[in-house]
Amino acid sequence: MSDPVLSRSPVATAGLPSGGGFCRAAALIGEARRAAALAYAPYSHYQVGAALLTASGEVFTGCNVENASYGLTLCAERVAVFKAVSQGNTDFVALAIAGGSATAPAAPCGACRQVLAEFGKPDMSVWFAGLANGPITTTTLAELLPHSFALSPEK
Ligand SMILES: [Zn+2]
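The shown structure was predicted, so the numbers you read here are calculated from the model rather than taken from an experiment.

Undergrad: Can you help me understand the sheet that holds strand 1 (residues 48–54) in this one?
TA: Strand pairing in a sheet relies on backbone hydrogen bonds, with the paired strands running either antiparallel or parallel. The five strands are arranged 2-1-3-4-5 in an open sheet whose pairing can be described as mixed. With one partner strand each, in any of the chains shown, strand 2 (59–63) and strand 5 (137–140) form the two edges of the open sheet. Along the sheet, successive strands turn relative to each other by an average axial angle of 20°, direction set aside. Packed on one face of the sheet, helix 4 (residues 76–86) meets strand 1, strand 2 and strand 3 (92–99) and runs near 140° to strand 2.

Undergrad: What should I look at first to understand helix 5 (residues 110–119) in this one?
TA: The α-helix winds at 3.6 residues per turn, so residues separated by three or four positions along the chain end up facing the same way. Within helix 5, burial applies to Cys-112, Leu-116 and Ala-117. The buried residues of helix 5 occupy an angular sector of 145° when the element is viewed end-on, so they sit on one face. Facing away from the buried side of helix 5 by more than 90 degrees, the exposed set consists of Gly-110 and Ala-111. In the core, the buried residues of helix 5 are packed alongside helix 4, strand 3 and helix 6 (141–144).

Undergrad: It is not clear to me how the nonpolar core should be interpreted in this structure. Could you clarify?
TA: Soluble globular proteins tend to bury their nonpolar side chains together. Within the largest apolar cluster, 40 residues are counted, with the highest numbers of intra-cluster contacts made by Leu-28, Ala-32, Val-48, Ala-50, Leu-52, Ala-96 and Ile-97. Those elements giving two or more residues to this core turn out to be helix 3 (21–36), strand 1, strand 2, helix 4, strand 3, helix 5, strand 4 (125–129) and helix 6. In terms of residue count, helix 3 provides more of this core than any other element does, seven residues in total. Ile-97 has contacts with Ala-32, Val-48, Ala-50, Ala-76, Glu-77, Ala-106, Pro-108 and Phe-128, leaving out every residue within four places of it along the chain.

Undergrad: What exactly am I supposed to notice about unusual backbone geometry here?
TA: As a rule of thumb, non-glycine residues mostly have phi less than zero, and peptide bonds are mostly trans rather than cis. In this structure, His-45 takes a positive phi of about 60° despite not being glycine. The class for His-45 is exposed, based on 8 C-beta atoms found within 10 Å. For Tyr-70, which is not glycine, the phi torsion reads 60° and is therefore positive.

Undergrad: Sorry, what's going on with the environment of Ala-96 here?
TA: Structurally, Ala-96 can be placed in strand 3. Sequence separation between Ala-96 and Leu-52 is 44 residues, and the spatial gap between their C-alpha atoms is 6.4 Å. What Ala-96 contacts, discounting residues up to four positions off in sequence, is Ala-25, Leu-28, Ile-29, Glu-31, Ala-32, Ala-50, Ala-51 and Trp-127.

Undergrad: I tried to follow the environment of Phe-128 on my own but got confused; where do I start?
TA: By secondary structure assignment, the location of Phe-128 is in strand 4. The buried category is assigned to Phe-128, around which 26 C-beta atoms lie within 10 Å. Taking the C-alpha atoms as reference points, Phe-128 and Ala-25, separated by 103 residues in sequence, lie 8.9 Å from one another. With near-sequence residues (within four places) excluded, Phe-128 lies in contact with Ile-97, Pro-105, Ala-106, Ala-107 and Thr-137.

Undergrad: I tried to follow the confidence of the model for the protein on my own but got confused; where do I start?
TA: As a note on interpretation, predicted positions should not be read in detail where pLDDT is low. Of all residues in the protein, 85% attain a pLDDT of 70 or more, and the chain-wide mean is 88. Within the model, pLDDT remains below 50 along residues 1–19, and this stretch shows 36 contacts once partners closer than five positions in the same chain are excluded.

Undergrad: Hey, could you run me through helix 4 in this one?
TA: Inspection of helix 4 places Ala-76, Glu-77, Arg-78, Val-79, Ala-80, Val-81 and Ala-84 among the buried residues, and these make up the whole buried set. Once helix 4 ends, the next one or two residues include Gly-88, with phi positive near 90°.

Undergrad: Help me understand the pairing of strand 3, please; the structure alone is not making it clear to me.
TA: Each regular strand displays side chains that alternate between the two surfaces of the sheet. Judged by how many residues are buried, strand 3 sits mostly within the fold: seven of eight residues are covered. Bridge count for strand 1 against strand 3 is seven bridges, and the pairing is antiparallel. Paired with Val-48 across the strands is Gly-99, a residue of strand 3. Taken together, the five bridges between strand 3 and strand 4 define a ladder with parallel strand orientation. Bridged to Ala-98 within strand 4 is Ala-129. Handedness of the crossover joining strand 3 and strand 4 through helix 5 is recorded here as right-handed.

About the cut-offs
- Residues numbered from 1 in each chain as written.
- Predicted model: local features only at pLDDT ≥ 70, side-chain atom pairs only at ≥ 80, totals over all residues.
- Pairing = 2+ DSSP bridges.
- Helix = DSSP H or I, 4+ residues; strand = E, 2+ residues; numbered from the N terminus.
- Axes fitted to C-alpha atoms, helices over the stretch in contact; angles between N-to-C directions.
- Contact = placed C-beta atoms within 7 Å.
- Buried ≥ 20, exposed ≤ 12 C-beta atoms within 10 Å, placed from the backbone.
- Arc of directions from axis to C-beta.
- Core = buried A, V, L, I, M, F, W, Y, C linked by C-beta atoms within 7 Å.
- pLDDT = per-residue confidence, 0-100.
- Right-handed = clockwise from strand over helix to strand, strands pointing away.

See the structure below:
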């Protein structure tokens, strides 16, 4: 089954097979792993990368950016989301995260889950895997954050 969303994304398809969900997840995890190499993590040395796929087929990447005050650190997922939103993209279909080890991959933190819920639909795919290797965990935004906060009960 072809994947028209991914095939429109030159970044995500570069050198990678096109195809169904697994290939799309693997491609986006690859983008997240490349983004993690840019992490600014001099304090924790815990590098995380994220790659956000929009409905238009664009991929926005992010890495964690730490700060000496610690509390001002921003996660890779939110960097990717804010990059996308600041360039006019709010329709997200999937997010991939690379961080941690193969057996303990980095899942999105609670703050990032709430930020994703601002834009993502409940069935938005979320994939995460270890920084360098390991299996891809597949889940959805609804599974990660049931009963998210919303000002409008209609959302
Ligand atoms: Zn986070």
